[in-house]
Each structure stands twice: as structure tokens, then as C-alpha cells.
Amino acid sequence: MKKMVSVLACALSFSALADWSVDSQNSSLSFVSVKNELVAETHHFKQLQGSLSDAGELKVSIPVSGIETNIPLRNERILQYTLLSKDFAAITATAKVDMTKVSALKVGQVLTVQQPLDLTLLAQSQTLSTSLQVVKLSDKQLLVYTTAPVVLDLTKFKLDAGIEKLRELAGLKVISPLVPVSFSVSLTQ
């Protein structure tokens, strides 16, 4: 009996230390583009991948081939001229998460945090401030989402030439380099 209790205790403590994985089916990342100063359109990426370790290391990868703007030709042009998908297959985001606060959550509780997030797009990295809420949906599921859009300045990622090429090909007056981004990430253990 003592051996069975010891084995059960070890199994429970092991599961408590297991990494969390991004549930791609229940996660989303959307962004808004603005052209000619008046036309705003919402787009998204079809897939997110990643994990959150017990030590609080968050790593999320966004395959650029999963971009969806609802216009196939525009998808191709963004991949070719802006995201340079032949050389850069993914956008990555990393962060150090305070797992003490996350572990203290009870099912149904919500934690609001200001979380620095390191974003790498092409070969350029920027640290962004994000306002997030973390909800413990069950002992094995967390939901993390933005409470306000994160506004990316694409000029800081050196995407100016790609944006200009898209503008030229589409015959537009202007495409804004400021892009609001929102995400909702489901993590399972």
C-alpha cells in the first residue's frame, strides 16, 4: 500500500511539473491592416505553436505560411514581399512568465498582468508591453488573451520596403505601418 501511495504521489507531482502546450485549434492571432487611411481589414494566422515550461519560459511560433487575408493573391504577396517566407518561416514570441502567480490560480480565477513579450519578425526583435488576462479554465487548461491590442510599428522591424511593394502592386495611396494585433492562446497540460 505504501508503494502505491508513493507511486501515485510521484505521478501527481510529475503532472504538476509538466510543460504546457499551445492548443492550436483553440488559439488565435489576428491583426488589422489599414489602407488609404480609411479602409481597415482584419486578418489572422491559421496556426500557433508553442509551450510554457514549468520554469516560466514561454515560446510561441507563428508559421507565416498560415497567414489568411481572405484574398489568395494578397496572401502570396505578403509572404513574398513583406514576410520573406522563403527565408523566414515563422514569427516568434518569447517571454518569462511568473509561474508562482499562475500556479496560485484556482479554477475560474483571472489574473491580469502587464507582460513584456519579445517578438522576432524577420531578423528584427522588439520587446513589447502587453496587457494580458490569464484564466485558469481547469487544472489542465489556461487561457491567455490580450485585454487591448498590441500596436506593432512595422518600420521597427524593417518591413518598409515590403509594405511599399505591396502598396505599389495594389495601386494604393498608403498602407499604414502601424498594425494592431490581438491574440488568445489556449494552453493545455
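Visitor: Any chance you could break down the packing of aromatic side chains for me, citing the residues and the numbers?
Guide: Any aromatic ring pair is given by two values, namely how distant the centres are and how the planes are angled relative to each other. Per the counting criterion, the structure on display carries 1 aromatic pair. Ring geometry for F31 and F45: centres 5.7 Å apart, planes at 35°, overall tilted. Here F31, found in strand β2 (residues 28-35), pairs with F45, found in strand β3 (residues 39-45); they are 14 residues apart in sequence, far enough to count as distant. Its relative accessible area of 13% is what places F31 among the buried residues. Of the residues examined, F45 reaches a relative accessible area of 8% and is grouped as buried. If you follow K165 out to its NZ or CZ, it ends over the ring of Y81, 5.5 Å from the centre.

Visitor: Give a description of the nonpolar core that names residues and reports values.
Guide: As a rule of thumb, nonpolar side chains are buried together in soluble globular proteins. Core analysis: the largest hydrophobic core is formed by 47 residues, its most contacted members being F45, L83, L152 and L187. Not counting the four nearest positions on each side in its chain, L83 is found in contact with F45, V64, I67, I78, F88, L121 and L122.

Procedures and definitions
Position numbers for residues start from 1 in each chain and track the written sequence from start to end. At least 70 in pLDDT is required for a residue's local features to be given in this predicted model, at least 80 for side-chain atom pairs to be given and counted, and no such filter applies to totals for whole chains, interfaces and linings, which use all residues. With hydrogens and water stripped out, all remaining heavy atoms of the structure feed into the side-chain values. Ring pairs are drawn from Phe, Tyr and Trp, using the six-membered ring of Trp, whenever the two centres fall within 6.5 Å, and their geometry is named by plane angle: stacked under 30 degrees, edge-to-face over 60, tilted for the rest. For the purposes of this entry, the term helix denotes a DSSP run of H or I that reaches at least four residues, the term strand denotes a run of E that reaches at least two, and both are numbered from the N terminus. Only protein chains enter the area calculation, which uses a 1.4 Å probe; residues under 20% of their type maximum are buried, those over 50% are exposed, and those in between are partly exposed. Distance and angle both matter: a charge sits over a ring if NZ of Lys or CZ of Arg is within 6 Å of the ring centre and within 35 degrees of the ring normal. Side-chain atoms within 4.5 Å are what join buried Ala, Val, Leu, Ile, Met, Phe, Trp, Tyr and Cys residues into a set we call a nonpolar core. Should any heavy atoms of two residues lie within 4.5 Å, those residues are counted as being in contact.

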